[in-house]
Amino acid sequence: MTTSASENVEDTLTSITIPSSSPASRFVNWGLSYECKPLAIFEPENERDCELVLAFARKEGRALRAVGVGHSPSDLACTGDFMLRTTKLNKLLEVNLEKLYVVVQAGITLSDLHCELAKHGLAMRNVGSISDQTLGGIVATASHGSGIGAPSMSCDVSTLTLLLADGSRVSCSRTERPDLFFASLCGLGATGIVLTIQLEVERAFLLRDELCSRTFEDVVTNLDGLVRSSQYARFWWIAATHTVKCSAVNRTLEAKRPPIPWFWSVFVAYHVVQFLLSIGRYIPYVNTLTGRFVAWLSSGSVTLIDDSHTIFNVECRYPQHTTEWAIPFTTAPACLRALHDWMDREAADPRGIRPHFPFEIRFSAADDIWLSPGYGRETCWVGIAQYRPYGLNVPYTRFFRAFESIMTQYGGRPHWAKAHHFGPEELRKLYPRFDDFVRVLKCVLKFILLSGTN
């Protein structure tokens, strides 16, 4: 490389490096649960920048970890080496209205993608509870929505373009480099940096969400029928009252309906509840009372009709510690009853856990992605959270460990984007294609490269 070219590379790297004096040079995830101080954080603006950063990391013998907006409530993005933020790689590159697909850069957030798709009368097929994450992070962790007929969102990807550890740029799909494709769809970015994603989409559609409350026993006894009676079913169980808020979502041609008024959805459900949660940090029983209050607040039947992503999304404004596990749908009733009995034991113990709420219960179809928690089986997802009111910390370890112990008894697989304690040997027992994934890594990696958190 000539002196002039070398200077140009250095100038480019300097221009996309976050100054070490900037608060942004420290990574803190959205949930405020993990943070780190990378050796350097780069914000590339194009693929050429990514290649230069990767070459520099290789030259320096440093690992490179790519991250989007840091929404993963785990330490997946943390590193003491180099970090690459994909947030400026956020362009919609191609729209095909005939074949119904788009090509986008991996750093685009779902909320921005919804806006771009709407301009063309399009929408994602399925969406999870939030849209703050990058599409690349969603794909790399096989994140999901809800609906027993809908697999993980990674299944809507038809082609990926990757920047591999050796600096080569390759495309992969179900027919082109299929092993690399299946390893990358839920590979935590370990196979390379995802540059672009070809995503299958649909014509924009509206959803009708019918919300009502049922008893826990009613829901568990009739679980199969309730889950299959709507296109997208999801439940929120509040252990303090053993009531379940049920959401039955279906596509509709009806006109939109007004959302829940601000007073109830924001002032009461957010501000008042956050104040009560802050008191619960000092008086744990207040958490039980707050759970009862929220159960009362959501006890009425409501019908909402809106754009698909608006109905799919459930606003979650509190920073939080959270974990989620995927169990076979066939074991869901027994597992939920075990969780119910555990919560009753805790409630009867004066020193028992007084958790936050709710238990979020969702569903997905079986898929064929090697490391997807939904691989090979219809899945029930159960998630819990301990919120951080006003950003303050709360106890969560004992609650999470007991929860995880029950989930593992029923064949649980942890959500990759959320905190868990499994290592390679435990994971190998859960995923029939785990060794195939490791084989692909050995083929494509020439040094340790981790990327792709959301």
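Residues numbered from 1 in each chain as written. Predicted model: local features only at pLDDT ≥ 70, side-chain atom pairs only at ≥ 80, totals over all residues. Heavy atoms only, no water.

The name an unreviewed UniProt entry assigns to the chain is D-arabinono-1,4-lactone oxidase, from the organism Favolaschia claudopus. As its UniProt record puts it under Pathway (unreviewed entry), the chain is described as follows: "Cofactor biosynthesis; D-erythroascorbate biosynthesis; dehydro-D-arabinono-1,4-lactone from D-arabinose: step 2/2." (UniProt positions renumbered as here; feature names shortened; annotations may be inferred.)

A. Quick peek at the sheet that holds strand 11 (residues 193–200). One open sheet holds the 5 strands; their spatial order is 6-7-11-9-10, and the pairing between them is antiparallel. What marks the edges here is a single partner per strand, and that holds for strand 6 (92–96) and strand 10 (169–173). Sheet twist, expressed as the mean angle between neighbouring strand axes with direction ignored, is 15°. Against the sheet, helix 5 (residues 178–185) touches strand 9 (157–163) and strand 10, its axis set at about 90° to strand 9. (Pairing = 2+ DSSP bridges. Helix = DSSP H or I, 4+ residues; strand = E, 2+ residues; numbered from the N terminus. Axes fitted to C-alpha atoms, helices over the stretch in contact; angles between N-to-C directions. Contact = heavy atoms within 4.5 Å.)

B. Just helix 5, in detail. Along helix 5, 6 of the 8 residues are buried, which leaves the element largely enclosed by surrounding structure. When helix 5 is considered as a whole, its buried residues turn out to be Leu180, Phe181, Phe182, Ala183, Ser184 and Leu185. The inward-facing, buried residues of helix 5 contact helix 4 (135–140), strand 9, strand 10 and helix 14 (434–444). (Buried < 20%, exposed > 50% of the residue type's maximum accessible area, 1.4 Å probe, protein only.)

C. Region of interest: unusual backbone geometry. Here the bond from Phe357 into Pro358 is cis, since omega is -10°, no more than 30 degrees from zero. Within the element layout of this structure, Pro358 appears in the loop between helix 11 (332–348) and strand 18 (359–364). In this structure, His242 is a non-glycine residue whose phi angle is positive, near 55°. For His242, the location among the structural elements is in the loop between strand 14 (232–238) and strand 15 (243–252). His242 gets classed as buried once you look at its relative accessible area, which sits at 18%.

D. Molecular detail of the environment of Val102. With respect to the element layout, Val102 can be found in strand 7 (residues 101–105). Through-space distance from the C-alpha of Val102 to that of Glu200 is 6.6 Å; in sequence the pair is 98 residues apart. Residue contacts for Val102: discarding those within four places in its chain leaves Leu92, Glu94, Val95, Leu117, Leu122, Ile197, Gln198, Leu199 and Val201.

E. Fine view of the sheet that holds strand 17 (residues 320–328). Across the sheet, which stays open at both edges, the 8 strands sit in the order 16-13-15-14-18-19-17-20 with antiparallel pairing between neighbours. Whereas interior strands pair on both sides, the edge strands pair on one side only; in this sheet they are strand 16 (302–307) and strand 20 (413–414). Pairing geometry for strand 14 and strand 18, over 3 bridges, is antiparallel. Bridge pairing in strand 18 links Phe235 to Ile361.

F. Up close: the pattern of salt bridges. Under the criterion given, the structure shown has 30 salt bridges. The residue Arg169 makes a salt bridge to Glu47 at a minimum N-O spacing of 2.7 Å. Pair noted here: Arg169 is in strand 10 and Glu47 is in helix 2 (residues 47–60), with a separation of 122 residues, a long-range link. Taking relative accessible area as the criterion, Arg169 reaches 46% and is therefore assigned partly exposed. Close ionic contact of Glu210 with Arg208 constitutes a salt bridge, the shortest N to O distance being 3.8 Å. One network of salt bridges, in which partners are shared, links Asp179, Arg433, Asp436 and Arg439. (Salt bridge = Lys/Arg side-chain N within 4 Å of Asp/Glu carboxyl O.)

G. Region of the structure containing the packing of aromatic side chains. Counted under the stated rule, the structure contains 23 aromatic pairs. Geometrically, the ring pair formed by Trp416 and Tyr431 is tilted, given 5.7 Å between the ring centres and 35° between the ring planes. One end of the pair, Trp416, is in the loop between strand 20 and helix 13 (424–430); the other, Tyr431, is in the loop between helix 13 and helix 14, with 15 residues separating them in the sequence. Exposure remark for Tyr431: the relative accessible area of 1% places this residue in the buried category. An aromatic cluster of at least three residues, connected via ring pairs, comprises Phe216, Trp237, Trp342, Phe359, Tyr396, Phe399, Phe400 and Phe403. Positioned above the aromatic ring of Phe205, the side-chain terminus of Arg251 is 3.8 Å from the ring centre. (Phe/Tyr/Trp six-rings, centres within 6.5 Å; stacked < 30°, edge-to-face > 60°. Lys NZ or Arg CZ within 6 Å of the ring centre and 35° of its normal.)

H. Broad picture of the pairing of strand 17. Taken across its 9 residues, strand 17 has 9 buried, putting it largely inside the fold. Taken together, the 9 bridges between strand 17 and strand 19 (residues 379–387) define a ladder with antiparallel strand orientation. When the sheet's bridge partners are listed, Ala326 is paired in strand 19 with Trp381. Bridging between strand 17 and strand 20 involves 2 bridges; their strand directions are antiparallel. Bridging from a neighbouring strand, Ala326 pairs with Arg413 of strand 20.

I. Inspection of a nonpolar patch on the surface at higher detail. Together, Phe275, Tyr282, Ile283, Tyr285, Leu289, Tyr390 and Leu392 give the surface a local cluster of nonpolar side chains, amounting to about 760 Å² of exposed area. Relative to the helices and strands, Ile283 is located in the loop between helix 8 (262–280) and helix 9 (285–297). (Patch = residues over 30% accessible without salt bridge, like charges linked within 9 Å, V, L, I, M, F, W, Y side chains within 5 Å. Areas by Shrake-Rupley, 256 points an atom, 1.4 Å probe, with all protein chains shown as cover.)

J. Up close: the environment of Phe267. Following the sequence through the fold, Phe267 ends up in helix 8. Overall, the relative accessible area of 35% leaves Phe267 in the partly exposed class. Other than its neighbours up to four places away in sequence, Phe267 contacts Trp262 and Val272.

K. Quick look at the UniProt feature "domain: FAD-binding PCMH-type" (unreviewed entry) in the chain. The sites that UniProt annotates as "domain: FAD-binding PCMH-type" (unreviewed entry) are residues 34–204. Across residues 34–204, the secondary structure splits into 22% helix and 27% strand, with the terminal C-alpha atoms separated by 37 Å.

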